[in-house]
Amino acid sequence: MTKHFHGALNRMALITALLVAGVLYFWADFIAIAIANIWLNGVIIGTSLFGIGLCFVLMFELLPEYKWLHGFTSGRRGMTLPPHLLRPVAQMLSSRPKRISASTLNGFMEMILLRFEDSRESVRYITNTLIFLGLLGTFWGLILTVGGFAELIGNLNFSDENVLQSMQAGLSRPLAGMTTAFTSSLLGLGGSLIVGFLGLQVQTAQNMIYHELEDYLASHTHVSATDAAAQILPKIDLVTRELTKSVQSLEQTISGI
């Protein structure tokens, strides 16, 4: 488990380092893209940085959870309880029972799964926000472009021999709108891709903890009589319904004769 956990963290560090290296290498182009629409693109860049930082925070928050799980499965006692995600389960398992029921195992796993999903909601929201901001910039740029062309055509005097020079001078606003559309789309989709990848690594690390605890608890789970009855009763009910249908069909056949 340690190998896979550090592998996810190393992938996060690698993609972040590549991102920083790419920005530094293409610094002039990056600045030109950012100032195409400094307000919208600034918001997109800031949201992307916040999402990247949040993913690293979520990853490092898993370290106490992992340490507790490693100590618990190793049989060590007197461990500090994990801070958030596994804390309720850790409190219920503090007595370290030799066996738990299957229903208890399912309850533990559902509780942990819901906590893991809740912790990733912010990352998913940031990813969707970046896509929305990119689309917002696209439509904003298209509006500026269409409005610029409409204003340009409306102000042209085609009887003037200098109409081409006037047209060339008036193209700055439509082209600025296209620049806004393309740059915001590029930054929004790129930011969502980076944050989404980092969020995927966080989910991978959480799944490792989830499956490790599930495997350990499953090896200490017994199926009680109540659990066995709960599994058998639906099958008995199905057989009873099929038998009832067969009897009714036989009665109809006999009555027809």
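Scroll up a little and you will see the structure.
Reference entry: report on the structure contained in this document. This is a predicted model, so every value here is computed, not measured. (Residues numbered from 1 in each chain as written. Predicted model: local features only at pLDDT ≥ 70, side-chain atom pairs only at ≥ 80, totals over all residues. Heavy atoms only, no water.)

Points about the overall build of the protein chain
Item 1. The secondary structure content of the protein chain amounts to nine helices and two strands.
Item 2. Mapped in sequence order, the helices and strands of the protein chain form the string α-α-α-α-β-α-α-α-α-β-α.
Item 3. A separation threshold of at least 6 residues defines the contact pool for the protein chain, and within that pool the share at least 24 residues apart is 79%.
Item 4. Total accessible area computed for the protein chain in this model is approximately 15,800 Å², and 66% of it derives from carbon and sulfur atoms. (Helix = DSSP H or I, 4+ residues; strand = E, 2+ residues; numbered from the N terminus. Contact = heavy atoms within 4.5 Å. Areas by Shrake-Rupley, 256 points an atom, 1.4 Å probe, with all protein chains shown as cover.)

Considering the pattern of salt bridges
Item 1. Taken as a whole and judged by the stated rule, the model has one salt bridge.
Item 2. Across the pair Glu 121 and Arg 124 runs a salt bridge whose closest N-O atoms are separated by 2.4 Å. In this pair, Glu 121 and Arg 124 both sit in helix H6 (residues 121–155), three residues apart, roughly one turn of the helix.
Item 3. Residue Arg 124 is classed as partly exposed on the basis of its relative accessible area, which comes to 34%. (Salt bridge = Lys/Arg side-chain N within 4 Å of Asp/Glu carboxyl O. Buried < 20%, exposed > 50% of the residue type's maximum accessible area, 1.4 Å probe, protein only.)

Considerations on the environment of Leu 62
Item 1. Here Leu 62 is to be found in helix H3 (residues 38–74).
Item 2. Accessibility expressed as a relative area gives 0% for Leu 62, which makes it buried.
Item 3. With 22 residues separating them along the chain, Leu 62 and His 84 place their C-alpha atoms 9.2 Å apart.

Side note on H3
Item 1. For H3, with 37 residues, the first-to-last C-alpha span of 54 Å sits near the 54 Å given by 1.5 Å per residue.
Item 2. Its axis deflected by about 25° at Pro 64, H3 carries its strongest bend there. (Expected span 1.5 Å × (residues − 1). Bend = angle between axes of the 7 residues up to and from the residue.)

Regarding the packing of aromatic side chains
Item 1. Applying the stated criterion across every chain, the model contains two aromatic pairs.
Item 2. Ring geometry for Tyr 25 versus Phe 26: centroids 4.8 Å apart, planes at 85°, classification edge-to-face.
Item 3. Measuring from ring centre to ring centre gives 6.1 Å for Trp 27 and Phe 30, while their planes differ by 35°; the resulting arrangement is tilted. Here the residue Trp 27 and the residue Phe 30 both occupy positions in helix H2 (residues 27–34), the gap between them amounting to three residues, near one helical turn.
Item 4. Its relative accessible area of 22% is what places Phe 30 among the partly exposed residues. (Phe/Tyr/Trp six-rings, centres within 6.5 Å; stacked < 30°, edge-to-face > 60°.)

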